[in-house]
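Below, each chain spelled out in residue letters.
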Amino acid sequence: MTAVERSCGSTHPTSLTSLKALGSIAGLSGISFGDAALPTQNDGVVHVEMDVKAHNAFTSKSSSYKVRGWSNVARALCSVSPESGLWGNSADEGAKVEGWIENAADVLAFVAYSADEKQAKDERFVKQVSEFSSRVESHLSSSKQTSLVGDAPTAADVIVSILLASAAQKVGFTSAPQQTSTLINTVLSHPTVQSVVGDSVSLPKAGETKPAAAPAESDAALADNAIVQKLVELGINHRTYSHILCVSAEELVENVAIPEKDTHTKNLLFKDKKHGMFLVTLKTTSDVNTKELGKMLGLEGKVNLRLADEKILIEKLGCKKGCVGPLAILNNTDKDVTLVLDENLLKVDNIHSHPLTNDASVIMTPDNLKAYMDKIGVEPTWLEFQEKSAASGKAPANRPPQEKKEKSAKQPQAPKEKNKDKKTSKKGETLLALQWKKSENFPMWYSDVIVLSEMISYYDISGCYILRPWSYKIWELIQEWFNPKIYELGVENAYFPLFVSKDRLEKEKDHVEGFSPEVAWVTKSGDGTLAKPIAIRPTSETIMYPSFSDWIKSHRDLPLKLNQWSNVVRWEFKDPTPFLRTREFLWQEGHTAHVSHADADVMVMQALGLYKGVYQDLLAVPVIPGYKTEKEKFAGGHQTTTVEAYIPGSGRAIQGATSHNLGQNFGKMFDITYQDEKAQSQIAWQTSWGLTTRTIGVMVMVHGDDTGLVLPPRIAPLQAVIVPIVSKKVPIEVLSPYCEKILADLTGAGIRAKYDSDKNYNPGWKYNHWEQKGVPIRIEVGPRDMEKQAARLAIRYNNDKIDVAVDGIGSIIKDKLEEIQNAMFAKAKETRDQHLVQVTEWKDFVPNLELNNLVLTPWCGGEHQDWEEWVKDKSREESLNSRGQEGEDERTATSVAAKTLCIPFDQPELPEGTKCIASGLPAKCWVLWGRSY
Ligand code: 87F
């Protein structure tokens, strides 16, 4: 035993091992430590105090250091061999190395040293370790380096890795994100580090979790559950437990640990027009192939098994999507669902399945499951399903719904090999880092970006999301731009109630027709049932127009132009996507009444012009304005206009906003009549127009990159952030006055700016943080900049670095922001234009969709037949054929079929005799098609 080990004892291996390892790497063979004092905790700060004595030639310079603090110990060791490069290669790098070490020591040392295992597992410490690991990961991802500072290992890597690994081990943190794991493993397996640390500190590989013990007792809270009561009534042995809400088998596997020989279940309700319904319950590691299933079941003739929608689940099994389990077959009183069970279930110790709710599970042996079925009179069909291959055996990590969407749309997936180690974001968990490249898996990338940039947090009701300040501010900036513009048009803001009575909502039948499944109803208050259910507004025509009727009496009351900023609820059944398709969203809805159709039309176009402005001038997203076809227009109105955007990452179009000329339809229904100048009664002409928080999602998708969000300056909550490059020699106090002065210049020039003076994070961390949040310009200020009265600008959208003088920096940055805004729009437009093609023959239609293009074709107008439906079906069929696929999930929000987006206002020339691409009839105009959201 060396002197060090003796003096430090066995409870503090980390301090010594990391320092010894560092010494070894620095070339200090033969080093020994003198009277090393124990690391002590003092006001939450860990100090390491020790004498360092070297016995060899190196000691000739200085034989002893009295040092305090991790950095100094590390510095002392490295300075013995400065050329080792362990302290970085410049003062700037040195400061960053120091920053990392001190940060790690502040955050992790207490946990890493903790002798009290129980205390170390405290939730706060687990969070602390996980957050630090996340910081390391973010930094590594954004710097695209494998070491923390510069492009070679330094003392920071050694100390951070050992501290993190040790702390992680202490709190029982099962894995670190990918790049952090790699860094730690590289450091820990370094021969010199190995010789010192050995196996005493190691980090379990991603995905390695200890099998959990099954709960011994049932959860009393589930005693009222109908399935549980049935099990009790039948005397079937079982246990129950509650767990976090999981919407899929993948989420269960990821989040609810069970003993190795147990299994969760995967449950799918299939329906087939001819053969009926099948509830298939599998082991989570078994595979089901829809085509094969038909054969396995011995179904004859035409078989078209499709996943049943939620309505059928509720009707047939009495439970919602995500809550299905084999026990739910009890609710199939019609006995028209065949239960199909996976024979692999017979090989496990216990089966865990949901009792109609996805925040709980019932545990029972396979024999007891059989006994239950027997007693309720269900005879299951047992089938031998294939176990998944080892490579794909592990269910993918819990994801927000995008992943399911991608799978159901059967879009090309990134190769499994590449994806399998990816750590993914979880609902309710701090995301570790951007794990997906935009080109690799677009939906996953999107989900990572909006979480990591702190725009969105997930919520436990499907389709509902939390808009965090970073995205809400963007919405406020849209409001700030939009409001003065509508005031100029004579529009006033007002607010109408959230609720609408059934009678009102259904007064105008055309209007709700087709939308009614999406209306959410309040049916109870407390335990009582309401006499009449009340709807939550999906839109406010029926809420506002009775008031229009009251308020409009004479032509002098017109035009009436109102706008409302509010939330609306539409209970979507298609897979939700944050911002793009959500069950509750924020919007503005404008409603106006006029004396003539022509006046209404002017209003429609003015509103549409503003929408184009929001997208193009604020969000730097090019849009195509046009008319909707008869099939796609709002059924309650006369004509619908739209602005259509293009998302290059998915090759899909998206409706940006709509503005309707409602004609006199609502006027008639709601009696919105007025006396004209000749005292004649007239019906008012109306418009309505709406723009939603979808705008934000479109902007993220169009501009974001592999580092995160990229914000166009006009919509950025912060347009510039000043980051001081602090170091030991140049502490923040030295840089602050200079930075404050820059900040004052920027705010004086009307720029939304911030000076990031936070002492808790080092410059590298801050760079990364603001990059992920998409701030257009970072202003880096170090001592040299101060000397030269300059600053360095880092431009987010193209990564440019520009040195500028601080004199007049406000106006320099103002110009730069304008330049960035214009360049971002130009870039987005160029990409969009490259994906906008004219096609005049059907044979070129689907191949162009497959190239992610929007397709402009000659069009007959579709009056004689529903040729749009024909194109939709035909394009779906040809697309699926070209991919070798049989069908697509009817609930998919991202179908491969094309639909009309609009008849663009801007029409190319249409030569005489041009034929419609679908009907072959003479074409009347060009129409734009695309796959869309
Ligand atoms: C969902 C449920 C019930 C759309 C709905 O576009 C009714 C509706 O009327 C519904 N989804 N719509 C059409 C909304 C038309 C119109 N309303 C004012 C707009 C812009 C703002």
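Residues numbered from 1 in each chain as written. Predicted model: local features only at pLDDT ≥ 70, side-chain atom pairs only at ≥ 80, totals over all residues. Heavy atoms only, no water.

## A look at the site of the ligand
Link 1 in the chain: The full set close to the ligand counts 17 residues, and His511, Thr539, Glu541, Arg570 and His660 are the nearest of them.
Link 2 in the chain: Residue Arg570 places a side-chain N or O atom 3.2 Å away from a nitrogen atom belonging to the ligand.
Link 3 in the chain: At a separation of 2.7 Å, an oxygen atom of the ligand approaches a polar side-chain atom of His660.
Link 4 in the chain: Alone, the ligand offers 470 Å² of accessible surface; in the complex the protein occludes 94% of this. (Near = heavy atom within 4 Å. Polar contact = N/O pair within 3.5 Å; in protein donor to acceptor, adjacent residues only side chain to side chain. Areas by Shrake-Rupley, 256 points an atom, 1.4 Å probe, with all protein chains shown as cover.)

## A few points about the packing of aromatic side chains
Link 1 in the chain: The tally for this structure, following the rule as stated, stands at 22 aromatic pairs.
Link 2 in the chain: Considering the side-chain rings of Trp470 and Trp770, the 6.3 Å spacing of their centres and the 50° angle between planes classify their relative orientation as tilted. Pair noted here: Trp470 is in helix α19 (residues 469–488) and Trp770 is in helix α27 (residues 763–772), with a separation of 300 residues, a long-range link. The same class applies to Trp470 as to Trp770, namely buried.
Link 3 in the chain: Seen from their ring centres, Trp842 and Phe845 are 4.6 Å apart, and the 15° between their planes marks the pair as stacked. (Phe/Tyr/Trp six-rings, centres within 6.5 Å; stacked < 30°, edge-to-face > 60°. Helix = DSSP H or I, 4+ residues; strand = E, 2+ residues; numbered from the N terminus. Buried < 20%, exposed > 50% of the residue type's maximum accessible area, 1.4 Å probe, protein only.)

## Describing the nonpolar core
Link 1 in the chain: Within the largest apolar cluster, 64 residues are counted, with the highest numbers of intra-cluster contacts made by Ile450, Met455, Ile478, Phe482, Leu619, Val698 and Val700.
Link 2 in the chain: Each of domain 3 (452–703) and domain 4 (720–831) accounts for three or more of the residues forming this core.
Link 3 in the chain: Within the second largest apolar cluster, 44 residues are counted, among which are Val97, Ala120, Leu164 and Leu188. (Core = buried A, V, L, I, M, F, W, Y, C linked by side-chain atoms within 4.5 Å. Domains from an automatic or database assignment.)

## Section: the sheet that holds strand β17 (residues 499–501)
Link 1 in the chain: Ordered by their spatial adjacency, 3 strands build an open sheet running β17-β19-β18, and the pairing between neighbours is antiparallel. Edge strands, defined here as strands with exactly one partner in the open sheet, are β17 and β18 (521–525). For this sheet, the mean angle separating the axes of adjacent strands, direction not counted, is 50°.
Link 2 in the chain: Bridge count for β17 against strand β19 (residues 528–536) is 3 bridges, and the pairing is antiparallel. Residue pairing across strands places Phe499 opposite Ile536, the latter belonging to β19. (Pairing = 2+ DSSP bridges. Axes fitted to C-alpha atoms, helices over the stretch in contact; angles between N-to-C directions.)

## Describing helix α7 (residues 155–171)
Link 1 in the chain: End to end, α7 covers 24 Å across 17 residues, agreeing with the expected 24 Å (1.5 Å per residue, within 8%).
Link 2 in the chain: Of all the 17 residues making up α7, 16 are buried; the element is thus mostly covered by neighbouring parts of the structure. (Expected span 1.5 Å × (residues − 1).)

## Remarks on empty space enclosed by the protein
Link 1 in the chain: Enumeration according to the criterion identifies 3 cavities of 30 Å³ or more in this entry.
Link 2 in the chain: Its boundaries defined by the atoms lining it, the second largest cavity holds a volume of some 40 Å³.
Link 3 in the chain: In terms of lining, the second largest cavity is formed by Val621, Pro622, Tyr646, Pro648, Val702, Ala828, Thr831 and Arg832.
Link 4 in the chain: With 3 residues, the single largest contributor to the lining of the second largest cavity is helix α29 (residues 809–834).
Link 5 in the chain: In terms of residue class, the lining of the second largest cavity is made up of 6 nonpolar, 1 polar and 1 charged. (1 Å grid on protein atoms, 1.4 Å probe; cavity = no way out; pocket = protein on both sides within 12 Å on 5 of 7 lines; lining within 4 Å. Points joined across faces, edges and corners; volume = space filled by probe spheres on them. Nonpolar A, V, L, I, M, F, W, Y, C, P; charged D, E, K, R; others polar.)

## Section: the sheet that holds strand β29 (residues 753–755)
Sheet strands associate in pairs through backbone hydrogen bonding, adopting either a parallel or an antiparallel arrangement.
Link 1 in the chain: What the 5 strands build is an open sheet, ordered β29-β28-β30-β31-β32; its pairing is mixed. Two strands in the sheet have a free side with no partner beyond their single neighbour: β29 and β32 (801–805). For this sheet, the mean inter-axis angle between neighbouring strands, taken without regard to orientation, is 25°.
Link 2 in the chain: With 5 bridges connecting them, strand β31 (residues 790–795) and β32 associate as antiparallel partners.

## What about the pattern of salt bridges?
Link 1 in the chain: Enumeration according to the criterion identifies 33 salt bridges in this entry.
Link 2 in the chain: One salt bridge in this structure joins Glu644 and Lys628, with 2.9 Å as the shortest N-O distance. Linking Glu644 in strand β23 (residues 639–647) with Lys628 in the loop between β22 (623–627) and β23, this pair joins segments that are 16 residues apart in sequence.
Link 3 in the chain: The class of Glu644 is buried, set by a relative accessible area of 3%.
Link 4 in the chain: The salt bridge involving Asp756 is made with Lys766; its shortest N-O contact spans 3.7 Å. With Asp756 in the loop between β29 and α27 and Lys766 in helix α27, this pair connects stretches of sequence that are 10 residues apart. (Salt bridge = Lys/Arg side-chain N within 4 Å of Asp/Glu carboxyl O.)

## Remarks on unusual backbone geometry
Link 1 in the chain: Here the amide bond leading from Leu558 into Pro559 is cis, since omega sits at -5°, within 30 degrees of zero.
Link 2 in the chain: Following the sequence through the fold, Pro559 ends up in the loop between α22 (541–551) and β20 (560–569).
Link 3 in the chain: With phi around 60°, Ala620 is a residue other than glycine that occupies positive phi space.
Link 4 in the chain: Summarising the element assignment, Ala620 is placed in the loop between α23 (597–618) and β22.
Link 5 in the chain: Within the chain, Ala679 stands out as a residue other than glycine whose phi angle is a positive 65°.
Link 6 in the chain: Among the secondary structure elements, Ala679 is positioned in the loop between β25 (673–675) and β26 (681–683).

## Concerning the confidence of the model for the protein chain
Reading fine detail from the predicted coordinates is not recommended where pLDDT is low.
Link 1 in the chain: Averaged over all residues, the pLDDT of the protein chain is 85; the fraction at 70 or higher stands at 85%.
Link 2 in the chain: Counting interchain partners and residues more than four positions distant, the pLDDT-below-50 stretch residues 1–14 has 23 contacts.
Link 3 in the chain: Below pLDDT 50 for its whole length, residues 390–431 participates in 97 contacts with residues either more than four positions away or in separate chains. (pLDDT = per-residue confidence, 0-100. Contact = heavy atoms within 4.5 Å.)

## A closer look at the pairing of β23
Link 1 in the chain: In terms of burial, β23 is largely enclosed, as 8 of its 9 residues are buried.
Link 2 in the chain: Note: β22 against β23, 5 bridges, orientation antiparallel. Each residue of the ladder has a partner; that of Pro625, found in β23, is Val643.
Link 3 in the chain: Across 9 bridges, β23 lies against strand β24 (residues 652–663) in antiparallel orientation. Looking at the pairing, Ala645 lines up with Ile654 of β24.
Link 4 in the chain: The antiparallel hairpin formed by β23 and β24 contains 4 residues in its connecting segment, where Gly651 sits at a positive phi of about 70°.

## Structural notes on the packing of helix α18 (residues 442–452) against helix α25 (residues 694–703)
Link 1 in the chain: α25 packs onto α18 with a crossing angle of 115° between their chain directions and a minimal axis gap of 11 Å. The angle between the axes of α18 and α25 places the two elements in the roughly perpendicular class. For the crossing formed where α18 meets α25, the hand is right-handed. The segment α18 lies against α25, with Phe442, Trp445, Tyr446, Val449 and Ile450 engaging Gly697, Val700 and Met701.
Link 2 in the chain: Looking at side-chain class alone, the contact of α18 with α25 contains 7 nonpolar, 1 polar and no charged residues. (Parallel < 35°, antiparallel > 145°, perpendicular 65-115°, else oblique. Left-handed = near helix turned anticlockwise from the far one by under 90°.)

## What to know about the side chain of Gln616
Link 1 in the chain: Take Gln616: it is sitting in helix α23.
Link 2 in the chain: According to the relative accessible area criterion, Gln616 is buried, its value standing at 18%.
Link 3 in the chain: Reaching out from Gln616, the side chain makes a polar contact with the backbone nitrogen of Val623 at a distance of 2.9 Å.
Link 4 in the chain: If near-sequence neighbours (up to four positions away) are discounted, Gln616 is found in contact with Val621, Pro622, Val623 and Phe825.

## Observations regarding a nonpolar patch on the surface
Link 1 in the chain: Together, Tyr459, Ile461 and Ile466 make up an exposed nonpolar region whose accessible area comes to about 260 Å².
Link 2 in the chain: Considering the arrangement of structural elements, one finds Ile466 in strand β15 (residues 465–467). (Patch = residues over 30% accessible without salt bridge, like charges linked within 9 Å, V, L, I, M, F, W, Y side chains within 5 Å.)

## Some words on the side chain of Arg581
Link 1 in the chain: Position of Arg581 among the secondary structure elements: in the loop between β20 and β21 (584–594).
Link 2 in the chain: A polar contact is formed between the side chain of Arg581 and the side chain of Glu572, at a distance of 3.5 Å.
Link 3 in the chain: The contact partners of Arg581, leaving out residues within four places of it in the chain, are Glu572, Lys574, Asp575, Pro576, Ala893 and Tyr933.

## Concerning α18
Link 1 in the chain: Most of α18 is tucked away, with 11 of its 11 residues classed as buried.
Link 2 in the chain: Along α18, the residues classified as buried are Phe442, Pro443, Met444, Trp445, Tyr446, Ser447, Asp448, Val449, Ile450, Val451 and Leu452.

## Quick look at the environment of Ala893
Link 1 in the chain: Among the secondary structure elements, Ala893 is positioned in the loop between α31 (867–882) and β35 (899–904).
Link 2 in the chain: Using a relative accessible area of 6% as the deciding quantity, one classes Ala893 as buried.
Link 3 in the chain: Between the alpha carbons of Ala893 and Lys574 there is a distance of 5.3 Å; along the sequence they are 319 residues apart.

## Focus: the environment of Leu489
Link 1 in the chain: Mapped onto the elements, Leu489 comes out in the loop between α19 and β16 (492–493).
Link 2 in the chain: Taking relative accessible area as the criterion, Leu489 reaches 22% and is therefore assigned partly exposed.
Link 3 in the chain: Separated by 117 residues in the primary sequence, Leu489 and Gln606 have C-alpha atoms spaced 8.3 Å apart.
Link 4 in the chain: The contacts of Leu489, once residues within four sequence positions are left out, are Lys561, Met603, Gln606 and Leu610.

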